[in-house]
Each structure stands twice: as structure tokens, then as C-alpha cells.
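Listed below are the residues making up each chain.
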Amino acid sequence: MGGRPSSPLDKQQRQHLRGQVDTLMRNFLPCYRGQLAASILRQISREVGPQEPAGSQLLRSKKLPRVREHRGPLTQLRGHPPRWQPIFCVLRGDGRLEWFSHKEEYENGGHPLGSTALTGYTLLTSQREYLRLLDALCSDSLDHTQEEPDSLLEVPVSFPLFLQHPFRRHLCFSAATREAQHAWRLALQGGIRLRGTVLQRSQAPAARAFLDAVRLYRQHQGHFGNDDVTLGSDAEVLTAVLMREQLPALRAQTLPGLRGSGRARAWAWTELLDAVHAAVLAGASAGLCAFQPEKDELLASLEKTIRPDVDQLLRQRARVAGRLRTDIRGPLESCLHREVDPQLPRVVQTLLRTMEASLEAVRTLLAQGMDRLSRRLRQSPSGTQLRREVYSFGEMPWDLALMQTCYCEAERSHRRLGQLAALFGFLGMQSLVFGAQDLAQQLMADAVATFLQLADQCLTMALNCDQAAQRLERVRGRVLKKFKSDSGLAQRKFIRGWGLCIFLPFVLSQLEPSCKKELPEFEGDVLAMGSQALTTEGIYEDVIRGCLLQRIDQELKKTLGANDVSCTLDGCLEVPWEQEGADEETEAERKGGTCPRQPGSGAQIQPLCPLPSRGTFQS
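Residues numbered from 1 in each chain as written. Predicted model: local features only at pLDDT ≥ 70, side-chain atom pairs only at ≥ 80, totals over all residues. Heavy atoms only, no water.

> Teacher, can you tell me more about the overall build of the chain here?
On a plain count of helices and strands, the chain comes out with 19 helices and 7 strands. Looking at the chain as a whole, 52% of its 619 residues are labelled buried. Accessible area of the chain: about 28,200 Å², with a carbon and sulfur share of 50%. (Helix = DSSP H or I, 4+ residues; strand = E, 2+ residues; numbered from the N terminus. Buried < 20%, exposed > 50% of the residue type's maximum accessible area, 1.4 Å probe, protein only. Areas by Shrake-Rupley, 256 points an atom, 1.4 Å probe, with all protein chains shown as cover.)

> It is not clear to me how the packing of helix α10 (residues 344–379) against helix α14 (residues 429–458) should be interpreted in this structure. Could you clarify?
Describing two packed helices takes the angle between their axes plus the distance from one axis to the other. Relative orientation of the contacting elements α10 and α14 amounts to 30°, with a least axis distance of 10 Å. On the basis of their axis angle, the class for α10 and α14 is roughly parallel. Here α10 and α14 pass one another in a crossing that is right-handed. On α14, the residues that touch Leu351, Met355, Ser358, Leu359, Val362, Leu365, Leu366, Met370 and Leu373 of α10 are Leu432, Ala436, Leu439, Ala440, Leu443, Met444, Ala447, Val448 and Phe451. Here the residues of the contact of α10 with α14 are counted per class, giving 17 nonpolar, 1 polar and no charged. (Axes fitted to C-alpha atoms, helices over the stretch in contact; angles between N-to-C directions. Parallel < 35°, antiparallel > 145°, perpendicular 65-115°, else oblique. Left-handed = near helix turned anticlockwise from the far one by under 90°. Contact = heavy atoms within 4.5 Å. Nonpolar A, V, L, I, M, F, W, Y, C, P; charged D, E, K, R; others polar.)

> Explain the nonpolar core here, please?
Within soluble globular proteins, side chains that are nonpolar generally end up buried alongside one another. Grouped together as the largest cluster of nonpolar side chains are 148 residues, with contacts concentrated most on Tyr32, Leu366, Phe451, Val507 and Ile544. It is helix α15 (residues 465–515) that contributes the most residues to this core, 19 residues altogether. Counting residues in each nonpolar core, the second largest holds 21 residues, with Leu161, Phe173, Ala187 and Leu188 among its members. (Core = buried A, V, L, I, M, F, W, Y, C linked by side-chain atoms within 4.5 Å.)

> What exactly am I supposed to notice about the packing of aromatic side chains here?
By convention here, two paired aromatic rings are described through the distance between centres and the angle between planes. With the rule as written, the count across this model stands at 14 aromatic pairs. Between phenylalanine 424 and phenylalanine 506 the ring centres are 5.0 Å apart and the planes differ by 90°, which places this aromatic pair in the edge-to-face class. With phenylalanine 424 in the loop between α13 (414–422) and α14 and phenylalanine 506 in helix α15, the pair connects residues that are 82 residues apart, well separated along the chain. Every member of this aromatic cluster is reached through a ring pair, and the members are Phe28, Tyr32, Phe210, Tyr217 and Phe291. Positioned above the aromatic ring of tyrosine 407, the side-chain terminus of arginine 193 is 4.6 Å from the ring centre. (Phe/Tyr/Trp six-rings, centres within 6.5 Å; stacked < 30°, edge-to-face > 60°. Lys NZ or Arg CZ within 6 Å of the ring centre and 35° of its normal.)

> So what exactly am I meant to see when it comes to the pairing of strand β6 (residues 160–164) here?
Of all the 5 residues making up β6, 5 are buried; the element is thus mostly covered by neighbouring parts of the structure. Alternating residues of β6 divide into Pro160, Phe162 and Gln164 and Leu161 and Leu163, and every residue in both groups is buried. Pairing of strand β5 (residues 122–124) with β6, which is carried by 3 bridges, proceeds in the antiparallel orientation. Bridge pairing in β6 places threonine 122 opposite glutamine 164. Examined bridge by bridge, β6 and strand β7 (residues 171–174) share 4 bridges and lie antiparallel to one another. Within β7, the position partnered with phenylalanine 162 by the bridge is cysteine 172. (Pairing = 2+ DSSP bridges.)

> Sorry, what's going on with the pattern of salt bridges here?
If the charged atoms of two oppositely charged side chains come close together, the side chains can form a pair. Inspection of the entire model under this criterion finds 31 salt bridges. With a shortest N-O distance of 3.6 Å, lysine 63 and glutamate 395 are connected by a salt bridge. One end of the pair, lysine 63, is in the loop between α1 (11–48) and β1 (70–78); the other, glutamate 395, is in the loop between α11 (384–394) and α12 (400–412), with 332 residues separating them in the sequence. Overall, the relative accessible area of 29% leaves lysine 63 in the partly exposed class. (Salt bridge = Lys/Arg side-chain N within 4 Å of Asp/Glu carboxyl O.)

> Sorry, what's going on with helix α4 (residues 178–196) here?
Each α-helix winds once per 3.6 residues, and so residues spaced three or four apart point in a common direction. Look at α4: 27 Å from first C-alpha to last across 19 residues, which is about the 27 Å you get at 1.5 Å a residue. Listing the buried residues of α4 in full gives Gln181, Trp184, Leu186, Ala187, Leu188, Gly190, Gly191, Ile192, Arg193, Leu194, Arg195 and Gly196. (Expected span 1.5 Å × (residues − 1).)

> How do you make sense of the sheet that holds β6 when you look at a structure like this?
Sheet strands pair via backbone hydrogen bonds, and the direction of the pair is either parallel or antiparallel. Strand order in this open sheet of 7 strands is β4-β3-β2-β1-β7-β6-β5, and the pairing throughout is antiparallel. Edge positions in the sheet fall to β4 (114–117) and β5, since each of these pairs with one other strand and no more. Within this sheet the neighbouring strands show an average axis-to-axis angle of 30°, counted without direction. Strand direction decides the pairing type here: β1 and β7, joined by 2 bridges, are antiparallel. Bridging across to β7, glutamine 76 finds its partner in phenylalanine 173.

> How should unusual backbone geometry be read in this particular structure?
The omega torsion of the bond from histidine 80 to proline 81 falls at 0°, within 30 degrees of zero and hence cis. Within the secondary structure layout, proline 81 lies in the loop between β1 and β2 (83–91).

> I tried to follow the environment of glycine 190 on my own but got confused; where do I start?
Examined against the element boundaries, glycine 190 turns out to sit in helix α4. With 247 residues separating them along the chain, glycine 190 and glutamine 437 place their C-alpha atoms 10.0 Å apart. Leaving out residues up to four positions away in the same chain, glycine 190 has contacts with Val67 and Leu400.

> What exactly am I supposed to notice about the confidence of the model for the chain here?
One rule of thumb: low pLDDT means the predicted coordinates there are not for detailed reading. Per-residue confidence for the chain gives a mean pLDDT of 85, with 85% of residues at or over 70. Below pLDDT 50 for its whole length, residues 144–150 participates in 10 contacts with residues either more than four positions away or in separate chains. (pLDDT = per-residue confidence, 0-100.)

> What is the right way to read the environment of glycine 283 from this model?
Inspection of the secondary structure assignment puts glycine 283 in helix α8 (residues 262–306). Along the primary structure glycine 283 and leucine 238 are separated by 45 residues, whereas in three dimensions their C-alpha atoms are 9.9 Å apart.

> What is the right way to look at the environment of glutamate 69 in this model?
Within the secondary structure, glutamate 69 sits in the loop between α1 and β1. Sequence-wise, glutamate 69 and aspartate 94 are 25 residues apart; in three dimensions their C-alpha atoms are separated by 8.6 Å. At a separation of 2.7 Å, a polar atom in the side chain of glutamate 69 contacts the side chain of arginine 71. A distance of 3.1 Å separates the side chain of glutamate 69 from the side chain of tyrosine 106, its partner in a polar contact. (Polar contact = N/O pair within 3.5 Å; in protein donor to acceptor, adjacent residues only side chain to side chain.)

> What's the story with α14 in this structure? I'm lost.
Here α14 is 30 residues long and its end C-alpha atoms lie 43 Å apart, about the 44 Å a rise of 1.5 Å per residue gives. Buried residues dominate α14, accounting for 27 of its 30 residues.

> How should the packing of α10 against α15 be read in this particular structure?
Where α10 meets α15, the axes come as close as 9 Å, and the angle between the chain directions of the two elements is 160°. Taken together, α10 and α15 sit at an angle that is classed as roughly antiparallel. In terms of crossing hand, the pair formed by α10 and α15 is right-handed. Residues of the contact of α10 with α15, tallied by class, amount to 24 nonpolar, 4 polar and 6 charged.

Right, dumping it as C-alpha cells:
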């Protein structure tokens with residue numbers, strides 16, 4: 001394992017990478033500007049359009065997603081040649097991992113030996129599986145006859161934690177006990193998900209615009225089909241896009257020059273990739289920071305110019321969409337009938353089973369938590385134990401060990417659904433699983449917040465223990481009823497949104513040769529509208545998206561037996577997290593309903609035992 005890159009990135013290589021980043025930004029930013037305009041139009045049209053009945057019945061939790069800080073001793077494979085060395089590791093609440101030489105260094109505020117954001121990593125706890133992965137990195141250069149006989153990774157590791165990244169140096173840790181390994185596994189997986197879905201969780205128009213722009217940019221490069229490249233912050237996403245583009249040339253140019261053989265060469269390859277990734281990330285961060293003032297000005301300008309003309313723009317858009325729909329109906333229906341319809345029932349049913357199992361696990365945990373609070377209220381209504389139970393209940397959504405049963409349910413159909421979706425070029429199963437887990441966590445957080453607020457409003461000092469328990473039981477029933485309603489709505493949104501992610505890029509790629517050539521004849525009408533919020537390509541995709549949604553809705557009605565599964569397109573594509581004051585994580589920003597009280601009788605009842613003071617049920 002002693003192989004290293006023959007040399008660090010030299011000046012010429014760094015200049016080349018800067019040039020590649022500059023080219024990426026020049027080609028990407030026009031897509032981003034266009035999608036910012038389209039996103040603002042979408043937001044304004046939703047605001048001024050007919051107001052639909054409120055869908056969610058649960059209160060929205062005001063707590064932002066986070067992971068609990070986790071820390072403890074580990075050993076790490078590091079150095080040249082690599083050897084196992086003791087360290088003290090800390091996982092921060094924002095999903096950043098740091099490691100120190102010893103615990104005292106951390107407690108005294110010392111600088112860490114190293115740190116990394118967990119974006120894009122995959123955690124492995126099997127040494128055999130990790131070694132197979134390492135062997136595959138340089139499979140064309142494996143020569144075990146030259147392998148070092150005392151290779152450190154050949155020594156069995158009892159409780160390993162391998163963090164693998166497609167473009168970064170691998171991190172190899174080991175815990176002292178199986179219990180410690182399990183705790184670190186849960187914490188690291190939580191950090192990976194938190195860092196990965198920062199853009200998907202955001203409700204901000206700019207976040208939606210950025211993700212759409214990445215998809216369009218890649219389509220223009222000939223890449224149709226969703227994958228996990230959009231996990232992470234804006235700069236991390238652009239870095240992953242460019243790394244994927246450059247990886248084949250990078251392998252061809254640099255792999256032959258790496259010293260060592262077999263796994264030693266693979267280890268050296270990951271170190272070289274890490275240097276390239278760091279250089280590209282720095283360039284992408286700088287590019288986005290430079291664009292931030294223009295972006296802020298553009299968003300303010302778009303709001304002022306689009307809002308007064310939104311009705312006219314939407315009418316003009318509808319006319320062009322109608323004509324486009326007529327022109328492409330034949331090829332589109334043929335493609336849907338031939339390619340999509342045969343697989344759509346299985347995809348919808350698998351997505352539905354994934355969410356049903358996960359949300360049923362959430363409901364079970366929620367009911368158990370409410371029951372524990374009710375029992376504690378009867379036993380010790382005013383003691384510290386009750387307050388401790390309330391705090392634990394409020395922390396349920398962020399308790400990784402507790403929520404693991406829900407998260408595991410979201411992972412069970414990974415292979416089956418992945419095989420179905422791969423037929424359509426969809427390789428974003430990690431993003432899909434993360435989306436299901438985020439949704440389960442959000443619904444748990446909303447239900448917990450709703451229960452605590454209703455309980456605090458409905459319990460008073462005028463009640464005795466039995467009356468208070470009865471009130472709490474009624475609150476429990478109301479919360480479960482609201483949870484059932486919101487779960488059904490969330491399932492439908494999840495299936496529609498991810499159904500589109502699976503099928504839309506595929507259909508667009510199939511229609512590219514025949515239908516895309518029809519678009520220039522509509523350019524004049526679109527340009528005459530005089531708004532950058534409307535483009536021929538955008539209207540064309542909306543037409544195809546609408547037809548796909550009709551298919552998905554029809555299948556949902558068959559599967560669910562529901563009379564009405566309709567909801568707005570935007571609503572179904574939005575992710576569940578409501579983050580007031582939390583925009584998408586940009587490089588520039590990194591730097592720079594109630595429950596009425598139950599009426600009581602006219603006479604005040606003297607409690608048989610002291611009830612909790614007002615505010616006890618506020619977590």
C-alpha cells in the first residue's frame with residue numbers, strides 16, 4: 001500500500017483544470033439563468049393561481065434537519081506507507097467529519113489532523129467488500145505477484161468503517177467494539193444523507209432552478225438519465241459533473257504513471273483523484289461566488305418583470321404548448337405505449353411499497369412514543385422524568401438508532417427498484433432512497449411537533465390525572481388521523497416525483513431524433529413573448545412531463561383505488577422539507593395551525609395530583 005502518485009499536480013495540470021472549470025461555468029451559467037427565470041415564473045403562477053385546499057394537516061416542524069454530534073476513539077489507516085494509528089473522531093452536526101491526534105487535542109480546541117464533508121461517500125463495513133472495490137479501481141493493472149506480502153489491508157480488521165468516494169481519497173477507520181462500529185455506522189450514514197440532500201430539501205426557487213439547470217446542461221452534453229451526481233451543495237454538484245466528464249481522460253493520462261501495483265496503485269489513484277477533486281471544487285466554488293451578485297440581481301429583476309405580466313405569459317405559453325402537443329402526440333404516445341406502459345405498474349407498485357413500509361414504521365414509532373408519554377403522565381406528571389420523556393419524544397426524528405427501522409424499510413426495495421429503473425437509464429437509487437428517508441424523517445418531525453403543541457394547549461392545571469390522560473388520548477387519536485392523511489399525500493407526491501425522474505429523461509432521449517427537430521418552428525412565437533422565463537425547450541419538456549403525469553396518475557388510481565390523486569405538478573415535485581430562512585447551500589452564502597382548548601365545565605376541578613406546568617410539552 002505504499003504507492004503514491006509520481007508527483008502532485010504541477011502548475012500545468014492546475015492550469016488545465018482551471019480552464020476546464022471555466023469552460024464548465026461558461027456553458028452551465030446560461031442554463032442556470034434560464035432556469036432561474038422559469039422557476040420564478042412557476043412560483044408566481046402558483047401564488048396568483050387558484051388556491052387549492054390545504055393539503056397537509058400536521059403542523060410543520062420548525063427544526064431543521066441535522067445529525068447528532070458523535071465522537072469517540074477510532075483507529076485510522078493513514079501515512080506513507082499506510083499504517084493503523086489511533087485518533088479521536090468527531091462528526092459535527094452539519095455532517096462534517098474531523099479527526100484529531102487524541103481526545104485532549106479536540107477538547108483544547110486544537111486543529112484536526114484532517115476533515116472532510118461526507119458528501120458523496122459510501123460506507124462499507126465489510127473488509128472483503130471494500131477490497132473487491134479497491135481491486136476493481138485498477139483492475140487492468142492488478143498483478144498480485146508483485147503485491148507487497150505484508151499489505152496492511154490484508155490483515156483482518158475486526159470492526160472496519162470504510163468510507164469510499166468515486167473522486168476522493170478513501171478513509172479507512174476501525175472501531176474497538178461491534179457496538180462502537182454500529183453507533184458510528186448510524187452516525188456516518190446520517191451525515192452522508194444530510195450533506196447529500198441539501199439542495200433537494202430546499203424549497204427555494206434557486207435550488208430548483210439549479211437542479212433543473214444541471215439536468216439540462218448534461219442533456220445538452222448527450223447524457224440522459226438521472227444519477228446521483230446532484231447530491232451535495234451547488235459547488236459539489238458541479239465538481240462531480242466535471243469529474244465524471246474528465247475521468248476517462250484522467251485515467252488514460254495518469255494511471256500508467258503511478259508507481260506500485262495492484263492495491264497499492266489503486267490507493268495511489270484515489271490520492272491523485274483527491275487532489276484533482278480539491279482543485280476542481282475550489283474552482284467551482286470561486287465561479288459560483290463570482291456569479292452570486294449577478295444571481296441576486298437577476299432574481300430581484302425577474303420578480304419585478306414577470307409578476308405584472310404573468311397572466312399574459314401563461315396564456316401565451318398555453319397556446320404554444322397546445323400546438324406542440326398536437327405536433328408530437330403521435331411519436332410521444334407511441335413511445336409511452338411501447339416503452340413506458342409495460343413497466344409503469346411495477347415501478348409504481350414498488351415505489352408505493354417502499355413508502356408504505358417506511359411510513360408504517362414511522363407510525364408505529366410515533367404511536368409508541370405517544371403511549372410512553374401518556375403512561376409517564378399518569379405515573380409522574382410533574383417530575384423530571386416526564387420532562388425527560390418529553391425531550392426524548394421531541395428528539396425522535398433525529399434519533400438515528402430509533403429511526404433506523406424506518407430507514408431500513410426505504411432501502412429494502414433498492415435492488416428490485418434499481419433493476420426496473422435501470423431499464424430507463426435511471427441510476428440515482430441512492431438519491432431516491434435518501435428522498436424516502438428524508439420524507440419519513442420529516443413526517444415524524446411534523447407529527448411530533450403537532451402532538452407536543454396540541455398537548456400543551458389542551459392540558460391545564462385544572463385537570464386531574466385521569467382527565468389529563470383522557471385529553472392526551474384524544475390528542476393521540478387526532479395526530480394519528482392527521483398523520484394518515486399526510487402520509488397518503490406524501491406517498492402520492494413521492495411516486496409522482498420519482499416516477500418522473502425515472503421516465504422523463506428516457507422519453508426525452510427517445511424523442512430526441514424525431515421531435516426535437518420540430519422545435520425551431522416555434523421559436524418565433526416564443527421569442528415574441530419577450531420573456532426569458534419561456535423557452536421552446538422548456539415548454540416542450542412540460543408537455544411531455546404532463547403526459548407522463550397523466551399516465552402515472554392513472555396507475556396510481558388503479559393501485560390505490562382512490563377517486564382523486566390529483567395535485568399540482570409543482571406540489572408533487574417539491575421535497576417535504578419546509579425550511580424557513582434556509583435557502584440552498586451556496587458557496588457565497590457559506591462565506592459571507594393550532595388546537596383549540598377543549599371547553600371545560602364552569603366549576604374548577606381540583607387536581608388529584610399536580611399536573612405539568614404550561615410549556616412542559618414544548619420540546
